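# Residue-level structural notes
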Amino acid sequence: MVRNARLEDGAQPSADYWDEACRHLSKRDRVMRKLIPSCGEGRLQSRGDAFTTLARSIVGQQISVKAAQAVWERFAALGQGSAVPMAPSGVLALDAPSMRAAGLSARKVEYLFDLAQHFESGTVHVREWLQMDDEAIIEELVAIRGIGRWTAEMFLIFHLLRPNVLPLDDLGLLKGISHNYFSGEPVSRAEAREVGEAWTPFRSVATWYIWRSLDPIPTEY
(Lines give C-alpha, C1' and ligand atoms only; values in the text may rest on other atoms or scores of the structure.)
Protein backbone atom coordinates (compact mmCIF):
# COMPACT_ATOMS: atom_id res chain seq x y z
CA MET A 1 0.00 0.00 0.00
CA VAL A 2 1.39 3.36 -0.97
CA ARG A 3 0.76 6.56 0.91
CA ASN A 4 1.63 10.01 -0.43
CA ALA A 5 2.81 8.58 -3.74
CA ARG A 6 3.91 11.27 -6.17
CA LEU A 7 2.19 10.65 -9.48
CA GLU A 8 4.52 13.08 -11.25
CA ASP A 9 7.37 10.69 -10.44
CA GLY A 10 5.63 7.92 -12.33
CA ALA A 11 4.47 5.96 -9.29
CA GLN A 12 1.06 4.36 -9.09
CA PRO A 13 -1.13 5.60 -6.21
CA SER A 14 -1.36 2.07 -4.78
CA ALA A 15 -0.77 -1.59 -5.51
CA ASP A 16 -4.50 -1.95 -5.99
CA TYR A 17 -4.05 -5.28 -7.77
CA TRP A 18 -2.72 -7.03 -4.64
CA ASP A 19 -5.84 -8.87 -3.48
CA GLU A 20 -6.63 -9.98 -7.02
CA ALA A 21 -3.04 -11.14 -7.41
CA CYS A 22 -3.20 -13.24 -4.24
CA ARG A 23 -6.39 -14.92 -5.42
CA HIS A 24 -4.87 -15.62 -8.83
CA LEU A 25 -1.62 -17.00 -7.43
CA SER A 26 -3.40 -19.18 -4.87
CA LYS A 27 -5.53 -20.68 -7.62
CA ARG A 28 -2.68 -21.28 -10.07
CA ASP A 29 0.20 -22.36 -7.84
CA ARG A 30 0.24 -24.91 -5.00
CA VAL A 31 3.22 -23.28 -3.25
CA MET A 32 1.63 -19.82 -3.32
CA ARG A 33 -1.61 -21.34 -1.99
CA LYS A 34 0.25 -22.22 1.23
CA LEU A 35 2.77 -19.40 1.29
CA ILE A 36 0.49 -16.37 0.99
CA PRO A 37 -1.65 -17.08 4.09
CA SER A 38 1.46 -17.92 6.13
CA CYS A 39 3.00 -14.48 5.52
CA GLY A 40 0.23 -12.47 7.17
CA GLU A 41 -0.51 -8.88 6.22
CA GLY A 42 1.75 -6.69 4.15
CA ARG A 43 2.26 -5.71 0.55
CA LEU A 44 4.57 -3.69 -1.63
CA GLN A 45 5.15 -0.11 -0.56
CA SER A 46 6.66 2.70 -2.59
CA ARG A 47 8.88 5.16 -0.73
CA GLY A 48 10.29 8.49 -1.78
CA ASP A 49 10.57 9.89 -5.27
CA ALA A 50 12.19 8.33 -8.31
CA PHE A 51 15.47 10.23 -8.16
CA THR A 52 16.02 9.60 -4.45
CA THR A 53 15.19 5.92 -4.81
CA LEU A 54 17.75 5.46 -7.58
CA ALA A 55 20.36 7.56 -5.77
CA ARG A 56 20.00 5.35 -2.70
CA SER A 57 20.45 2.26 -4.84
CA ILE A 58 23.77 3.63 -6.13
CA VAL A 59 24.98 4.63 -2.67
CA GLY A 60 24.18 1.16 -1.34
CA GLN A 61 26.02 -0.86 -3.99
CA GLN A 62 28.49 -3.45 -2.68
CA ILE A 63 28.30 -2.37 0.97
CA SER A 64 26.19 -3.54 3.91
CA VAL A 65 22.77 -2.09 4.63
CA LYS A 66 24.08 -0.46 7.81
CA ALA A 67 27.05 1.11 6.04
CA ALA A 68 24.86 2.27 3.17
CA GLN A 69 22.49 4.05 5.57
CA ALA A 70 25.39 5.83 7.29
CA VAL A 71 26.87 6.99 3.98
CA TRP A 72 23.45 8.06 2.72
CA GLU A 73 22.81 10.19 5.81
CA ARG A 74 26.17 11.94 5.43
CA PHE A 75 25.58 12.45 1.72
CA ALA A 76 22.05 13.82 2.22
CA ALA A 77 23.34 16.20 4.89
CA LEU A 78 25.60 17.86 2.30
CA GLY A 79 22.60 19.46 0.66
CA GLN A 80 20.81 20.70 3.75
CA GLY A 81 21.58 24.29 2.88
CA SER A 82 19.99 23.89 -0.54
CA ALA A 83 16.34 24.58 -1.30
CA VAL A 84 16.20 21.23 -3.13
CA PRO A 85 18.86 19.10 -1.38
CA MET A 86 18.05 15.76 -2.98
CA ALA A 87 16.74 17.00 -6.29
CA PRO A 88 19.00 16.48 -9.34
CA SER A 89 19.94 20.17 -9.35
CA GLY A 90 20.92 19.94 -5.69
CA VAL A 91 23.27 17.02 -6.36
CA LEU A 92 24.81 18.75 -9.38
CA ALA A 93 25.56 21.75 -7.14
CA LEU A 94 27.72 19.60 -4.84
CA ASP A 95 31.46 19.17 -5.30
CA ALA A 96 33.18 15.83 -5.66
CA PRO A 97 35.60 16.23 -2.69
CA SER A 98 32.70 16.81 -0.29
CA MET A 99 30.90 13.76 -1.63
CA ARG A 100 34.06 11.66 -1.24
CA ALA A 101 34.41 12.92 2.34
CA ALA A 102 30.87 11.66 3.02
CA GLY A 103 32.09 8.14 2.28
CA LEU A 104 31.31 7.78 -1.42
CA SER A 105 33.84 6.18 -3.73
CA ALA A 106 35.06 8.13 -6.74
CA ARG A 107 33.03 5.86 -9.00
CA LYS A 108 29.83 6.35 -7.00
CA VAL A 109 30.35 10.12 -7.16
CA GLU A 110 30.52 9.83 -10.94
CA TYR A 111 27.40 7.64 -10.98
CA LEU A 112 25.42 10.11 -8.87
CA PHE A 113 26.40 13.01 -11.08
CA ASP A 114 25.40 10.99 -14.16
CA LEU A 115 22.06 10.10 -12.57
CA ALA A 116 21.40 13.75 -11.72
CA GLN A 117 22.31 14.85 -15.24
CA HIS A 118 19.93 12.32 -16.79
CA PHE A 119 17.07 13.59 -14.64
CA GLU A 120 17.95 17.26 -15.04
CA SER A 121 18.23 17.02 -18.82
CA GLY A 122 15.03 15.03 -19.23
CA THR A 123 16.82 12.05 -20.76
CA VAL A 124 14.66 9.84 -18.57
CA HIS A 125 10.97 10.41 -19.25
CA VAL A 126 9.73 10.31 -15.67
CA ARG A 127 6.32 11.80 -16.41
CA GLU A 128 5.72 9.26 -19.16
CA TRP A 129 6.60 6.14 -17.18
CA LEU A 130 2.97 5.37 -16.32
CA GLN A 131 2.30 4.88 -20.04
CA MET A 132 5.58 3.07 -20.84
CA ASP A 133 6.06 -0.69 -20.68
CA ASP A 134 8.57 -2.30 -18.33
CA GLU A 135 11.28 -2.98 -20.91
CA ALA A 136 11.20 0.60 -22.21
CA ILE A 137 11.77 1.92 -18.68
CA ILE A 138 14.56 -0.60 -18.07
CA GLU A 139 16.22 0.54 -21.30
CA GLU A 140 16.17 4.15 -20.09
CA LEU A 141 17.50 3.30 -16.64
CA VAL A 142 20.38 1.03 -17.67
CA ALA A 143 21.70 3.85 -19.87
CA ILE A 144 22.59 5.61 -16.59
CA ARG A 145 26.02 4.72 -15.26
CA GLY A 146 25.84 2.53 -12.17
CA ILE A 147 22.37 1.15 -12.89
CA GLY A 148 22.11 -2.38 -14.24
CA ARG A 149 19.12 -4.51 -15.10
CA TRP A 150 18.69 -5.83 -11.53
CA THR A 151 18.53 -2.30 -10.09
CA ALA A 152 16.08 -1.27 -12.80
CA GLU A 153 13.87 -4.27 -12.04
CA MET A 154 13.91 -3.52 -8.30
CA PHE A 155 12.86 0.04 -9.20
CA LEU A 156 9.97 -1.29 -11.28
CA ILE A 157 8.82 -3.52 -8.43
CA PHE A 158 9.30 -1.27 -5.42
CA HIS A 159 8.86 2.25 -6.78
CA LEU A 160 6.57 1.93 -9.80
CA LEU A 161 4.77 -1.09 -8.28
CA ARG A 162 4.73 -2.91 -11.61
CA PRO A 163 2.89 -6.22 -11.06
CA ASN A 164 4.62 -8.60 -13.48
CA VAL A 165 8.41 -8.30 -13.03
CA LEU A 166 10.48 -11.49 -12.64
CA PRO A 167 14.04 -10.50 -11.61
CA LEU A 168 15.97 -13.57 -12.71
CA ASP A 169 19.29 -12.03 -11.64
CA ASP A 170 18.11 -11.84 -8.04
CA LEU A 171 19.87 -14.42 -5.87
CA GLY A 172 17.11 -14.33 -3.26
CA LEU A 173 14.49 -15.23 -5.84
CA LEU A 174 16.56 -18.16 -7.12
CA LYS A 175 17.25 -19.34 -3.57
CA GLY A 176 13.57 -19.09 -2.65
CA ILE A 177 12.45 -21.00 -5.73
CA SER A 178 15.08 -23.65 -4.95
CA HIS A 179 13.79 -23.96 -1.39
CA ASN A 180 10.08 -23.92 -2.16
CA TYR A 181 9.92 -25.81 -5.48
CA PHE A 182 13.06 -27.95 -5.82
CA SER A 183 13.72 -29.25 -2.27
CA GLY A 184 16.81 -27.07 -1.97
CA GLU A 185 18.43 -28.20 -5.22
CA PRO A 186 20.11 -25.42 -7.24
CA VAL A 187 17.93 -23.95 -9.98
CA SER A 188 18.84 -22.32 -13.26
CA ARG A 189 17.40 -19.11 -14.63
CA ALA A 190 15.48 -21.19 -17.16
CA GLU A 191 13.91 -23.29 -14.40
CA ALA A 192 13.04 -20.15 -12.43
CA ARG A 193 11.46 -18.63 -15.53
CA GLU A 194 9.37 -21.77 -16.00
CA VAL A 195 8.13 -21.60 -12.41
CA GLY A 196 7.30 -17.93 -12.93
CA GLU A 197 5.11 -18.65 -15.94
CA ALA A 198 2.34 -19.80 -13.59
CA TRP A 199 2.59 -16.48 -11.72
CA THR A 200 1.85 -14.26 -14.74
CA PRO A 201 0.51 -11.53 -14.72
CA PHE A 202 1.51 -11.07 -11.06
CA ARG A 203 5.13 -12.22 -10.98
CA SER A 204 6.20 -9.25 -8.82
CA VAL A 205 3.75 -10.28 -6.11
CA ALA A 206 4.88 -13.90 -6.20
CA THR A 207 8.51 -12.78 -6.04
CA TRP A 208 7.71 -10.70 -2.97
CA TYR A 209 6.22 -13.73 -1.24
CA ILE A 210 9.20 -15.87 -2.24
CA TRP A 211 11.45 -13.29 -0.57
CA ARG A 212 9.30 -13.37 2.53
CA SER A 213 9.60 -17.16 2.69
CA LEU A 214 13.31 -16.57 3.30
CA ASP A 215 12.94 -13.51 5.53
CA PRO A 216 9.62 -12.77 7.29
CA ILE A 217 10.43 -9.04 7.42
CA PRO A 218 8.94 -7.46 4.28
CA THR A 219 11.55 -6.54 1.72
CA GLU A 220 11.98 -2.84 0.96
CA TYR A 221 14.05 -1.08 -1.64
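Criteria and cut-off values
Residues numbered from 1 in each chain as written. Predicted model: local features only at pLDDT ≥ 70, side-chain atom pairs only at ≥ 80, totals over all residues. Heavy atoms only, no water. Disulfide = S-S within 2.5 Å. Buried < 20%, exposed > 50% of the residue type's maximum accessible area, 1.4 Å probe, protein only. Axes fitted to C-alpha atoms, helices over the stretch in contact; angles between N-to-C directions. Helix = DSSP H or I, 4+ residues; strand = E, 2+ residues; numbered from the N terminus. Parallel < 35°, antiparallel > 145°, perpendicular 65-115°, else oblique. Contact = heavy atoms within 4.5 Å. Nonpolar A, V, L, I, M, F, W, Y, C, P; charged D, E, K, R; others polar. Phe/Tyr/Trp six-rings, centres within 6.5 Å; stacked < 30°, edge-to-face > 60°. Core = buried A, V, L, I, M, F, W, Y, C linked by side-chain atoms within 4.5 Å. pLDDT = per-residue confidence, 0-100. Left-handed = near helix turned anticlockwise from the far one by under 90°. Salt bridge = Lys/Arg side-chain N within 4 Å of Asp/Glu carboxyl O.

What makes a disulfide is a covalent bond joining the sulfur atoms belonging to two cysteines. Using the criterion set out here, one finds 0 disulfides in the structure. No disulfide involves Cys22; its sulfur sits 9.5 Å from that of Cys39, the nearest cysteine. Taking relative accessible area as the criterion, Cys22 reaches 13% and is therefore assigned buried. With a relative accessible area of 13%, Cys39 lands in the buried category.

The geometry of helix 1 (residues 18-28) relative to helix 2 (residues 30-38) is characterised by a closest axis approach of 5 Å and an angle of 135° between their N-to-C directions. Relative to helix 2, the element helix 1 lies oblique. Touching Cys22, Leu25, Ser26, Lys27 and Arg28 of helix 1 are Arg30, Met32, Arg33 and Ile36, all from helix 2. Partitioning the contact of helix 1 with helix 2 into residue classes produces 4 nonpolar, 1 polar and 4 charged.

In the structure shown here, the tally under the stated rule is 11 aromatic pairs. Seen from their ring centres, Tyr17 and Trp18 are 6.5 Å apart, and the 35° between their planes marks the pair as tilted. For the pair shown, Tyr17 and Trp18 are each scored as buried. In textbook terms, an aromatic cluster arises when at least three aromatic residues are bridged by ring pairs, as seen for Tyr17, Trp18, Phe202, Trp208 and Tyr209.

Nonpolar side chains tend toward joint burial in soluble globular proteins. Ranked by internal contacts, the top residues of the largest apolar core, which has 69 residues, are Met32, Phe75, Trp129, Trp199 and Tyr209. For this core, the element with the most residues is helix 7 (residues 106-121), which contributes 7 residues. Once you skip the residues sitting within four places of it in the chain, Trp199 turns out to touch His24, Leu25, Asp29, Met32, Leu166, Leu173, Ile177, Tyr181, Ala206, Thr207 and Ile210.

Mean pLDDT over the protein chain stands at 88; residues scoring 70 or higher make up 90%. Model confidence for the protein chain, summarised as mean pLDDT per element, is weakest for helix 4 (residues 65-77) at 89 and strongest for helix 11 (residues 189-197) at 97. Here residues 1-8 is a poorly scored stretch, pLDDT under 50, and it has 19 contacts once near neighbours within four places are set aside; other chains count.

Another aspect to go through is the packing of helix 2 against helix 12 (residues 203-214). Across the interface, helix 2 lies against helix 12 with an axial gap of 10 Å and an inter-helix angle of 65°. In terms of their interaxial angle, helix 2 and helix 12 are classed as roughly perpendicular. The handedness of the crossing between helix 2 and helix 12 comes out as left-handed. Contacts from Met32, Leu35 and Ile36 in helix 2 reach Ala206, Tyr209, Ile210 and Ser213 in helix 12. The class makeup of the residues in the contact of helix 2 with helix 12 is 6 nonpolar, 1 polar and no charged.

Looking now at the environment of Ala192. Here Ala192 is to be found in helix 11. Taking the C-alpha atoms as reference, Ala192 lies 6.7 Å from Leu174; in sequence the two are 18 residues apart. With residues near it in sequence (within four places) discarded, Ala192 still touches Leu166, Leu168, Leu174 and Ile177.

Applying the stated criterion across every chain yields a total of 6 salt bridges. One salt bridge connects Glu135 with Arg149, and the closest N-O pair in it is separated by 2.7 Å. Of the two residues, Glu135 is situated in helix 8 (residues 134-142) and Arg149 in helix 9 (residues 149-158); the sequence distance between them amounts to 14 residues. Residue Arg149 is classed as partly exposed on the basis of its relative accessible area of 35%. One salt bridge in this structure joins Arg149 and Glu153, with 2.9 Å as the shortest N-O distance. Note that Arg149 and Glu153 are positioned in helix 9 at a spacing of 4 residues, about one turn of the helix.

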